[in-house]
Amino acid sequence: MLCDHCKKNEATIHIKEIHDGKCVSLNLCAQCAASKEEKGELGAFGLNLADALFHIGAITQKLQQQNAAHAGAQKSGASDPESAAKSTIPEGPVCPVCGWTPEKIREANGKLGCPECYRTFADMINNAVDHFQRGKTHLGKHPASHPGHAEGALHAELQRLRRELQNCVRKEDYEQAAVCRDRIKEIQARLDEK
Amino acid sequence: MSDPIETLLKNPVSFLCDAPPEEDIAISTRIRLARNLAGFPFPSAADEESAKAVCDRVTRAAAESNALGCPDCYRFDPAEMAPLDREILLERRLASRDFLERPFGTRLLVRGDESSSIMINEEDQLRLQTIRPGFRLDEVWEEINTLDDELSAHLEYAYDDRLGYLTSCPTNLGTGMRASVMLHLPGLVMADAIGPTMQGVLKLNLAVRGIFGEGSDHRGDLFQISNQSTLGESEAQILAHLKMVIEQLIRQEKNARQRLLAQDRYTLLDQVGRAYGALLHSYKLSSAEALSSLSKLRLGVDLNLFGKLEILRVNELFLAINPAHLQKLTGAELSEAERDVRRASLCRAKLHP
């Protein structure tokens, strides 16, 4: 099989990824894979990892459209031209601690600036977490100095899993149903301990 | 004080050399934990001052808690090291390429036997690692969990009730844990069954990688299988799932070997014999050829085709043939062509009956 990129060398690296429920594959020779990796283009197929995780491209575009519409409205209202020009720059959320924006996260290939970013960009991150993590709530260990899992979070996860279990049974996806059932059991056991 | 890299080189790498012989398919088990300190930016947003403050704090915590046997542990500051010495840390799987190339604030602390280490200011401020030979997920977890507890008594981690340990990239969120087992699967490769097998593994929400962590190249028939998801399951659940899949893969590899021996015995013997021949009689060996031949030789040793040859001698060569080790052991910088000659001479010497 020839490399999808240079179409000359034999492809020795084969990557498969699932995007929006569709399986897509990429076959590369060692040289093209190395050069793509160097440029940070290998994550999610030549896409920036941040785009794949957070759909930041779409978010930025939406903000630009909103701002353009806003600027247009201001213009027709004959406000001062300077503020109309300024508002064409997208104004996404900005982390109050490290000053990072969605665009900056995109530049950093999906990495965040500081712990506070998790609060600032919560909506964006929650959507992403749905795609690549198996659950939404941490069920692992906690630092010794920390009181442990909040009961509310465990109850919320339990409800979510019960809904997912019903869906799986309806779709006859018994493998996934078994995974849900085991996780429900574990959370139930934790709640019983409390 | 003597050069710590020279001291490292005198010791065989524990994850390759201490395995009991029955654990021939699973070469090593590694767990990494990602942790960050509350109130500090993640390394990608940190300036030099902040990165250094984190580095000092973690070094102090390691010394106070006696983690890794510190202060008597190895301590490396990659930004101040010669490029070849940095490569040694990479080849011994103590550091990642990304970590070694960061311009400031990085430090690596390593226990004397190289089993556990902490990268400070990699993608996350702390990357704890424990690596042991063979298939020992429970033992490795126990060791790294203790190390994590020792450090957390002296450091305040960035932690959230719902999201768990907060990491620089949300793909590590929650437990911050990546557990992986390195498997040697020449039987499945030879039987042309590796593709479908690995696709099955991917469907089970696990990741498959090549020998030194990144990339998907599987030269040497070495595969690293690790957990993909880090949030929504406890460490015990993640490890149990991984363990089940690895046990299944080991069974499949054993079956593939037995099938090859029963149905295609002479092709198998021929491949193993030619690989041994190449290693014993070549005068120029590229890294790729050496790895692929060593892999087949290792299979031959596992199948008891060589009476006297010990698997540890073969394992040792998997590390010694790498470019930086080859150059440090020779005591000179070598061009690629010179390395090929040196690599062949090393294999001839080490494998001579």
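Along each chain, numbering runs from 1 in the same order as the chain's sequence is written. Numbering of ligands from 1 and lettering of chains from A proceed in the order in which they are written. This being a predicted model, a pLDDT of at least 70 is required before a residue's local features are given, and a value of 80 or more before pairs of side-chain atoms are given or counted; all residues contribute to the totals for chains, interfaces and linings. No hydrogens and no water enter the side-chain calculation; it runs on all heavy atoms of the structure.

Participant: How should I be thinking about the pattern of salt bridges in this particular structure?
Facilitator: Residues and elements named next belong to chain B. The salt bridge definition used is simple: a Lys or Arg side-chain nitrogen within 4 Å of an Asp or Glu carboxyl oxygen. The final tally for this structure, using the stated rule, is 28 salt bridges over all chains. In this structure, aspartate 85 engages lysine 328 in a salt bridge whose closest nitrogen and oxygen atoms are separated by 2.7 Å. Here the residue aspartate 85 occupies a position in helix α4 (residues 83-91), and lysine 328 occupies one in helix α13 (residues 323-330), the gap between them amounting to 243 residues. Considered together, aspartate 85 and lysine 328 belong to a single accessibility category, that of buried residues. The residue glutamate 87 makes a salt bridge to arginine 97 at a minimum N-O spacing of 2.7 Å. Of the two residues, glutamate 87 is situated in helix α4 and arginine 97 in helix α5 (residues 97-101); the sequence distance between them amounts to 10 residues. Type-normalised accessible area, obtained with a 1.4 Å probe on protein chains alone, sets the label of each residue: buried when under 20%, exposed when over 50%, and partly exposed for intermediate values. When its relative accessible area of 40% is taken as the criterion, arginine 97 is described as partly exposed. Only DSSP runs of H or I covering at least 4 residues are called helices, and only runs of E covering at least 2 are called strands; the numbering of each starts at the N terminus.

Participant: Sorry if this is basic, but what is going on with the nonpolar core here?
Facilitator: A general trend in soluble globular proteins is that nonpolar side chains are found buried together. Residue and element names in this part refer to chain B. Working definition of a nonpolar core: buried Ala, Val, Leu, Ile, Met, Phe, Trp, Tyr and Cys residues. They are joined through side-chain atoms within 4.5 Å. If you look at the biggest cluster of nonpolar residues, it comprises 50 residues, and the most contacted ones within it are Ile31, Leu126, Leu151, Leu183 and Ile225. The element contributing the most residues to this core is helix α9 (residues 235-263), with eight residues. When sequence neighbours within four positions are dropped, the list of residues in contact with leucine 183 reads Ile25, Ala26, Asp221, Leu222, Phe223, Ile225, Ile246, Leu249 and Ile250. Core analysis: the second largest hydrophobic core is formed by 37 residues, Leu222, Leu261, Leu299 and Phe306 among them. Contacts: residue pairs with any heavy atoms within 4.5 Å of one another.

Participant: Looking at this structure, how should I read the packing of aromatic side chains?
Facilitator: Geometry of an aromatic ring pair is reported as the spacing of the ring centres plus the angle between the planes. Residues and elements named next belong to chain B. Each Phe, Tyr or Trp ring, with Trp reduced to its six-membered ring, pairs with another whose centre is within 6.5 Å; inter-plane angles below 30 degrees give stacked pairs, above 60 give edge-to-face pairs, and intermediate values give tilted ones. Here the structure, examined in full by the defined rule, presents four aromatic pairs over all chains. When the centroid spacing of 6.0 Å and the interplanar angle of 75° are considered together, the rings of tyrosine 157 and tyrosine 165 count as edge-to-face. Here tyrosine 159 and tyrosine 165 contribute two aromatic rings whose centre-to-centre distance is 5.1 Å and whose plane-to-plane angle is 70°, an arrangement assigned as edge-to-face. Counting every residue linked through ring pairs, the aromatic cluster contains Tyr157, Tyr159 and Tyr165. Just above the ring of tyrosine 165 sits the side chain of arginine 35; from NZ or CZ to the centre is 3.5 Å. Two limits define a charge over a ring: the Lys NZ or Arg CZ must be within 6 Å of the ring centre, and within 35 degrees of the ring normal. Over the aromatic face of tyrosine 283 sits the side chain of arginine 348, whose NZ or CZ is 4.0 Å from the ring centroid.

Participant: Help me understand the sheet that holds strand β5 (residues 126-133) of chain B, please; the structure alone is not making it clear to me.
Facilitator: In sheet architecture, strand pairing relies on hydrogen bonds along the backbone and comes in two forms, parallel and antiparallel. All names here are of chain B. Should DSSP find at least two bridges between two strands, the strands are regarded as paired. Judged by pairing direction, the sheet is antiparallel, and its eight strands sit side by side in the order β2-β3-β4-β5-β1-β8-β10-β9 without closing on themselves. Lying at the two open borders of the sheet, with one neighbouring strand each, are β2 (74-76) and β9 (206-209). Neighbouring strand axes in the sheet, compared pairwise and without regard to direction, differ in orientation by 20° on average. Taken together, the five bridges between strand β8 (residues 177-184) and strand β10 (residues 222-227) define a ladder with antiparallel strand orientation. Residue pairing for β10: leucine 183 is matched across the bridge by phenylalanine 223. Axis definition: a line fit to C-alpha positions, over the contact stretch in the case of helices; interaxial angles, taken between N-to-C directions, run 0 to 180 degrees. Against the sheet, helix α8 (residues 194-203) contacts β9 and β10, and its axis sits at roughly 140° relative to β9.

Participant: Teacher, can you tell me more about the confidence of the model for chain B here?
Facilitator: Every residue is assigned a pLDDT by the predictor, reflecting its confidence on a scale from 0 to 100. Of the residues in chain B, 96% reach a pLDDT of 70 or more, and the chain-wide mean stands at 90. Among the prediction metrics, the complex's ipTM stands at 0.86, with pTM recorded as 0.80.

Participant: Can you help me understand the packing of helix α12 (residues 311-320) of chain B against helix α14 (residues 336-351) of chain B in this one?
Facilitator: When two helices pack together, their arrangement is captured by the angle between the axes and the distance separating the axes. Residues and elements named next belong to chain B. Interaxial distance between α12 and α14 falls to 11 Å at its minimum, and their mutual angle equals 165°. Comparing their axes, α14 and α12 come out roughly antiparallel. In this structure, α12 crosses over α14, and the sense of that crossing is right-handed. Of the residues in α14, those in contact with Arg313, Glu316, Leu317 and Ala320 of α12 are Leu346, Cys347, Lys350 and Leu351. Under this grouping Gly is polar, as are all residues other than the nonpolar Ala, Val, Leu, Ile, Met, Phe, Trp, Tyr, Cys and Pro and the charged Asp, Glu, Lys and Arg. For the contact of α12 with α14, the class distribution of residues is five nonpolar, no polar and three charged. Under this scheme an angle from 65 to 115 degrees is roughly perpendicular, one under 35 degrees roughly parallel, and one over 145 degrees roughly antiparallel; angles in between are oblique. In this scheme the handedness of a crossing depends on how the near helix is turned from the far one: anticlockwise by less than a right angle means left-handed, clockwise means right-handed.

Participant: Hey, could you run me through the environment of B:Cys55 in this one?
Facilitator: All names here are of chain B. By the secondary structure assignment, cysteine 55 is in helix α3 (residues 48-65). On the accessibility criterion, cysteine 55 (5% relative accessible area) is buried. Sequence separation between cysteine 55 and threonine 171 is 116 residues, and the spatial gap between their C-alpha atoms is 24 Å. Discounting chain neighbours no more than four positions away, the residues touching cysteine 55 are Gly105, Arg107, Ile120 and Asn121.

Participant: Hey, could you run me through the interface of chain A and chain B in this one?
Facilitator: A common way to express how large an interface is: the accessible area buried when the components associate. With 40 residues of chain A in contact, the opposing surface of chain B contributes 46 residues. For chain A, the biggest contributors to the area lost against chain B are A:Tyr118, A:Arg134 and A:Lys141; these three give 21% of the whole. Remark: the boundary between chain A and chain B carries three salt bridges. Residue A:Lys141 pairs with B:Asp148 through a salt bridge whose shortest N-O separation is 2.7 Å. Accessible area that two parts lose when put together, with a 1.4 Å probe and added across both, is what the buried area reports.

Participant: For this particular structure, what's the right way to read the environment of B:Gln271?
Facilitator: Residue and element names in this part refer to chain B. Mapped onto the elements of the fold, glutamine 271 is located in helix α10 (residues 265-281). Separated by 26 residues in sequence, glutamine 271 and leucine 297 place their C-alpha atoms 8.9 Å apart. Apart from residues no more than four positions distant in its own chain, glutamine 271 is found in contact with Met190 and Lys296.

Participant: Sorry, what's going on with unusual backbone geometry here?
Facilitator: Backbone geometry follows two general trends: most residues other than glycine have a negative phi, and most peptide bonds adopt the trans configuration. Positioned with a positive phi, A:Glu172 is a non-glycine residue whose angle comes to about 60°. When you line up the elements, A:Glu172 lands in the loop between α8 (151-170) and α9 (174-193). Of note in this structure, B:Asn121 is not a glycine but carries a positive phi near 65°. With respect to the helices and strands, the residue B:Asn121 is situated in the loop between β4 (116-120) and β5. Exposure remark for B:Asn121: the relative accessible area of 4% places this residue in the buried category.

Participant: For this particular structure, what's the right way to read α4(B)?
Facilitator: For the α-helix, the turn length of 3.6 residues means that residues three or four positions removed from each other point alike. Residue and element names in this part refer to chain B. Of all the positions in α4, only Leu84, Asp85, Ile88, Leu89, Leu90 and Glu91 are classed as buried. In this fold, the buried residues of α4 make contact with α1 (4-10), β2, α5, β3 (107-110), α12 and α13. Backbone geometry just downstream of α4 places arginine 93 in the positive-phi region, at approximately 60°.

Participant: What is the right way to look at the side chain of B:Asn322 in this model?
Facilitator: Position of B:Asn322 relative to the elements: it lies in the loop between α12 and α13. Pairs of N or O atoms within 3.5 Å make up the polar contacts considered here, provided that, within protein, one atom can donate a hydrogen while the other can accept it, and that residues adjacent in sequence are counted only when both atoms are side-chain atoms. A polar atom in the side chain of B:Asn322 sits 3.0 Å from the backbone oxygen of B:Leu319.

Participant: Please clarify how the domain arrangement of chain B should be interpreted in this entry.
Facilitator: Residue and element names in this part refer to chain B. Domain boundaries shown here were taken from an automatic or database domain assignment. Domain assignment breaks chain B into domain 1 (4-257) and domain 2 (265-351). Taken over C-alpha atoms, the centre of domain 1 sits 26 Å from the centre of domain 2. Taken residue by residue, the interface counts 24 residues in domain 1 and 23 residues in domain 2. Contact with domain 2 buries surface across domain 1, with Leu84, Glu91 and Met190 losing the most and accounting together for 26% of the total. Between domain 1 and domain 2 we count three salt bridges in total. One can count 10 residue pairs in polar contact (both at pLDDT 80 or more) joining domain 1 with domain 2.

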